[in-house]
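Geometric and topological summary
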Amino acid sequence: MEHIWLTVLGVSGLLTLAVLMWPVANRLNFPYTVMLAVVGCVIGYAEHALETANLGIVSDLLGALHALDITSETVLFVFLPALVFESALAIDVRRLMDDIAPILMLAVVGLLISTAVVGWALHGVSGYPLIACLLLGAIVSATDPVAVVAIFKDLGAPKRLAILVEGESLFNDATAIVVFTILSAMLLGQSDAGLAAGVLSFLKVFIGGVLVGYLLARLFALLMMGVGESALPKITLTLTLAYLSFLLAEHYLHVSGVMAVVTAALVLGARGRSILSQHAWHELEGVWEQVGFIANSVIFVLVGIAVPGIIGDITMTQLTWLVVLLVTAFVARFAIIFGMVPVLSRLGWAQHVDVGYRAVMFWGGLRGAVSLALALAVMENEAFSPEVRTFIGTLVTGFVLFTLAVNATTVQLVMRMFGLDKLSPVDAAVRDRVLVSALGNICDNLHSAALSRQMRSGLADSIARPYEERARDRRQEADAASIGHRDWINVNLRKLTLQEQQIYGHYFDQGLVSSDIARLLFSQSADLLDGIKSGGEEGYRGAYERALEFGWQTMLAAQLQRRFGLSGPLARLLGNRFEMLQANCMALRELAEDSTGTDLLDAEVSEEVDTIVQDRLHAHVAALECLKAAYPDYADRLEERLLGQIAVRLEHAHYQKMLSGNIISKEVYHDLVKALHQRASSDRPRLDLGLDADRLVAQMPYFADLPGERQREIARMLRPRLVLPGEQVITKGDKGDCMYFISSGAVQVEIEPEPVILGRGDFFGEMALLSDIPRVVSVTAEGFCDLLALMTRDFRTLLDAHPDLRDTIERVAAERS
Ligand code: CMP
C-alpha cells in the first residue's frame, strides 16, 4: 500500500466516469452496465496509447486505473459478496420457494449439462485437455443477472420473471465456483478425478455453504436486536454479515461462499422486517442499493479496462473456437431451458413457465463478474500451463463481451416480442381506474383552488379541460376492460392484506407487538396472499381458517404437557396466540374503518369484500373470546399492558409533534424520549395454565368438602390436562384407559340425535372403565378445558376409598346407558 493516494484517485476517478455514463445510457436507452464496459475498453486502449505522454492528472489517473489492476481475488472477496448479498436481499423468499424447483434445476443440473456440452465440443475442436475445456465450460455457464434485472426494472417486467432469472444466476454462480474449484484441483493434479468423489464434494460444499449462511444470519439477527434502537449499527452489521459469511465459508471452512452469502441474505430478508422498524428497513434497502450500484459501476469499468490486454491479439484460430463456444453454449442453454423446464412442470415438480419467460431467460442469460473472476483466477495461476491460461482468458473474455454487446442490448426486443413489458390485464384495469379517479379528483380541486386564490374562473376551466377529456377516454377504456367480478375481489383482498401487513409493521415499530409476534403475523399475511393467489376468495378464507387452527407445534406442546407435565411450551404458544389474535382483531377493525381506495370499486364488489373481511373478523374475535373465557385474568393483564404501550406511544407521538413543530429543541426531545424508553419495555406476562392438581381437585364439587389431607391424596392420583377447543378427547370405539373430571370448560358428548354438553364438575369416560367395553361415543372439547384424568389402575383404588363417589359414578353411568 505504498501509493494509497493513487488507489483513491483511481477509484474515485473511475466512479465519477462511471456515473457520468448514467444519463448517457438513459438518453440512449442503452443498458448502463454495457455502457460501462464500453467506457472501460476505451480507457484500456487509452492507457496503451498514452503510456508515454505526460498529461499531469490525466496521466496520473490513467496510471492509477492501470494500478487498480483487477484480480480474481478482488472480484471474489470485495465485489462478489456485496453484489450477491444485495440481489438476494431483495428477493422475496416465499416467491423464490414457489419456483425453487426450476431454479435449482437450471442452476445445478443445467449448469452441469452446459459445462459438459461446452467442454466436449471445445475439446473436440481445439484439442486442449478435456478437463481444461470442462473448466472453460463451467466458467462460461455462470449467468449474471445485473444487466438484465436493470432492464426488467425499467420495463416493469413481471416479478416472477425477475425472480426466475435472479434466482437462477445466484445459485448457478455458486455451482460454477464449486465446479471450478473441483475441476482446477483435478487439472493441477491435486485431486484424483472421480465422479463419485466430485459429486460428494459438490454436495458437501453446497450444503455447507447454506448452513454457514443460515447460522451466521441467525446469529447476526440476534446481534442486531441487541445493539439498541438506532438503525446505523444494525445496517452496518448487515454489511459485515455479507463479507464475514463469505470469508468464513470460502476461506476458513472451504465450503461455498456464494451459497453462504445467498442464504444469509435470504434469511435476513425474511426476518428483517421483524428486526428493524419499517423506516430502518427502507434505509437498509437504500444502503444496499447504493453498495450494489457502486460495486457494479466499478466492476464493469474494470472489466472493460482489462479487455484490450486479454483479447488484444486474438488469433483467427481462437476466433473460430470462440464461435464454437458461443454456438454450443447457447444451444446447450436453449436445450436446457426449453427441454428441462417444461418436463419439470409436466411432472408436477414446478409451476408452468410461459414460453415468453423462457425466451427471456434464454436470451437474457448474460455472463459477467463471476465468469471473469474465474477466468482471471486461471490467468493468474502460474501452475496452469501458459497455453491453458491464454486459452481460457481469451475465450471467456470474448464470450462475456459478446453477451454484453449482443444479448444485453437486444433482450428488450425479446421482452417486447412476448409482451412482457406490458401490464397484465388486471393491473391495466387497476391503472385505468386509478387514472379515472385521479383525473376526476384533479378537476374538482382545480376549481376550488382557483376560487380560493381569487383567480379568473375561466382559467380553471381551460386547465381542467384536457384532464376531463383524458378522464372521459380513460373511463371508456376502463369500462371496456373485461376483467371479471372475481378479479376485482381478488385485487381488493390483496390490497387489504397488504394494508393489514403494513398495520402489523406499525404495531411492531410502535412496540405494540414483539419481534417474534411480528414475524408470525407477517408470515400469516404471506399465507393469506398465497391463498388469494392460488384460490381467490376461497383461498383467503381457507388461509385464515388454517391460521386459526391449532398448528402442529401447539399439538406437540399439548402432548408434552400431557405426557411429561411440561406446561412451559404450551403456555408460551397460547400466549402467542393471545397476542396474535389481539393484533389481528385490532388490525381488522382498523381496516374496516379505513376506506382508502374503495372508490376504485363498484358498490357490489366493495360490499362483498366487506363481508369477507367481517367474516374473518368474527372468526378471530370468536377465537379470542374463547381464549379469554379460559384465562380471563391473563386477558385483563394483556389488555392492560397493551394500553400501557399505547400510552407510551401517544406520549412519544406528542413529543415528535412538538419537535417537528419547532416547539421543543432536539436536546429537549431526546431527553424526554430517553426517559420514555426506560418505561416502555415490558415483557409479556407469563401465562399460567393453572394446571395444578391440588387446586383443580379442591375446585371439584365431589371433592370440595373433603378434608385437605384427603384432597391431596386424591390429587396424587389425578393428572391435570389442558385440552384445546375442538380437540377430540375420547374417540368412539377406542379402548378406555382413563376417565375424566371436568375442572373448567365444557365438552360435547356426541350422542345422536342431540349431543349432550357436560360442564364443570361433570365427569365422563367412566363407562369403558366400569364395564371394560370400548368407548360408546366420542367426546370433543367445546373450548379450552381443564380436565383431571384418572387412569384405570388408580380408578379402583379411588373408588374403593370413596364408596359414595363409586355410587355416584355407577348411578350416572347406568342412567347414561
Ligand atoms: P365412555 O364410553 O368411556 O366414553 C364416552 C363417554 O361419553 C362415556 O364413557 C360417558 O362418560 C359419556 N356418555 C355416554 N353417553 C352419555 C350420555 N347419554 N350423556 C352424557 N354422557 C354420556
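What counts, and where the lines are drawn
Residues numbered from 1 in each chain as written. Predicted model: local features only at pLDDT ≥ 70, side-chain atom pairs only at ≥ 80, totals over all residues. Heavy atoms only, no water. Buried < 20%, exposed > 50% of the residue type's maximum accessible area, 1.4 Å probe, protein only. Helix = DSSP H or I, 4+ residues; strand = E, 2+ residues; numbered from the N terminus. Pairing = 2+ DSSP bridges. Near = heavy atom within 4 Å. Polar contact = N/O pair within 3.5 Å; in protein donor to acceptor, adjacent residues only side chain to side chain. Areas by Shrake-Rupley, 256 points an atom, 1.4 Å probe, with all protein chains shown as cover. Nonpolar A, V, L, I, M, F, W, Y, C, P; charged D, E, K, R; others polar. Contact = heavy atoms within 4.5 Å. Axes fitted to C-alpha atoms, helices over the stretch in contact; angles between N-to-C directions.

Quick word on the pairing of strand β8 (residues 785-791)
- When you tally the buried positions in β8, you get 7 out of 7 residues, the bulk of the element.
- Here β8 shows a buried face lined by Cys785, Leu787, Ala789 and Met791 and a second buried face lined by Asp786, Leu788 and Leu790.
- With 6 bridges joining them, strand β3 (residues 738-744) and β8 adopt antiparallel strand pairing. Among the inter-strand pairings, Ser744 is bridged to a residue of β8, identified as Asp786.

Considerations on the site of the ligand
- Around the ligand sit 13 residues in total, of which Gly765, Glu766, Ala768, Arg775 and Val776 are the nearest.
- Within the contact set of the ligand, an oxygen atom lies 3.1 Å away from a side-chain nitrogen or oxygen of Arg816.
- Protein coverage of the free-state accessible area of the ligand, which is 450 Å², stands at 92%.
- No other element matches the 3 residues that helix α30 (residues 766-771) contributes to the shell around the ligand.
- Here the residues of the shell around the ligand sort into 9 nonpolar, 1 polar and 3 charged.

Notes on the environment of Leu459
- Tracing the backbone shows Leu459 in helix α19 (residues 457-480).
- The class for Leu459 is partly exposed, based on a relative accessible area of 34%.
- Sequence separation between Leu459 and Ala369 is 90 residues; the distance between their C-alpha atoms is 57 Å.

Section: the sheet that holds β3
- Reading across from one edge, β1-β8-β3-β6 is the order of the 4 strands in this open sheet, with antiparallel pairing throughout. In the strand order of this sheet, the two ends are held by β1 (718-723) and β6 (763-764), each with one partner.
- Of the strands in this sheet, β1 and β8 are in contact with helix α29 (residues 708-717), which crosses β1 at around 60 degrees.

Quick word on unusual backbone geometry
- Following Glu752, the chain continues into Pro753 via a peptide bond in cis, with omega recorded as -10 degrees.
- Here Pro753 is to be found in the loop between β4 (747-749) and β5 (756-758).
- Non-glycine residue Gln454 carries a positive phi angle of around 55 degrees.
- Along the polypeptide, Gln454 turns up in the loop between α18 (425-452) and α19.

A closer look at the sheet that holds strand β2 (residues 728-730)
- With antiparallel pairing, 4 strands are arranged side by side in an open sheet as β2-β7-β4-β5. In this open sheet, the two strands that pair with only one neighbour each are β2 and β5. Sheet twist, expressed as the average angle between the axes of neighbouring strands with direction ignored, equals 30 degrees.
- Alignment of β4 against β5, held across 3 bridges, turns out to be antiparallel. Paired with Val749 across the strands is Val756, a residue of β5.

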